[in-house]
Amino acid sequence: PFNGVAVTSVTFKPSNGDNYEDNCNIELVVGSEQGDIQFWSLLHAEQGNYECNHIDSIEDKYCHGAAVRRMKFGGKDKNMLATCGDDNCVRIFQC
């Protein structure tokens with residue numbers, strides 16, 4: 001929960017599953033105007049709705065010092081998250 005802080009970047013974490021049942025639990029990564037990066041789980045609920053639950057946050061000492069502007073997963077297994085922010089830094093995390 002960002003509590004009044006604007007969200008400035010969002011990306012979906014690639015799923016390892018190949019079918020719909022494996023993709024019902026979707027992970028979302030959210031960056032804020034204050035440089036925070038959080039992981040959320042979207043669970044498929046009834047009638048096409050989703051439940052949103054906070055999973056984890058990257059420690060402040062590793063986050064950006066200003067707004068997160070872009071995030072993208074890559075690497076061989078799509079488990080590397082690259083982010084860039086208004087602090088003129090690029091940060092890479094293994095997820």
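Predicted, not measured: the structure shown is a model, and the values here were computed from it.

Engineer: How should I be thinking about the pairing of strand S2 (residues 25-32) in this particular structure?
Structural biologist: It is a general feature of regular strands that their side chains alternate between the two faces of the sheet. Here strand S1 (residues 7-12) pairs with S2 via 5 bridges, running antiparallel. Paired with Val10 across the bridge in S2 is Val30. Taken together, the 7 bridges between S2 and strand S3 (residues 37-44) define a ladder with antiparallel strand orientation. Within the sheet, the bridge partner assigned to Glu27 lies in S3 and is Ser41. Once S2 ends, the chain turns through 4 residues before running back antiparallel as S3, passing Gly35 with a positive phi of about 95°.

Engineer: I keep staring at the side chain of Thr83 and nothing clicks. Help me out?
Structural biologist: Tracing the backbone shows Thr83 in strand S6 (residues 80-85). Note on Thr83: relative accessible area 2%, which makes it buried. There is a polar contact of 2.7 Å between the side chain of Thr83 and the side chain of His64. With near-sequence residues (within four places) excluded, Thr83 lies in contact with Ile37, His64, Val68, Arg70, Met71, Cys89, Val90, Arg91 and Phe93.

Definitions and limits used
Residues numbered from 1 in each chain as written. Predicted model: local features only at pLDDT ≥ 70, side-chain atom pairs only at ≥ 80, totals over all residues. Heavy atoms only, no water. Pairing = 2+ DSSP bridges. Helix = DSSP H or I, 4+ residues; strand = E, 2+ residues; numbered from the N terminus. Buried < 20%, exposed > 50% of the residue type's maximum accessible area, 1.4 Å probe, protein only. Polar contact = N/O pair within 3.5 Å; in protein donor to acceptor, adjacent residues only side chain to side chain. Contact = heavy atoms within 4.5 Å.

In short, shape yes, function no, at least from these values alone.
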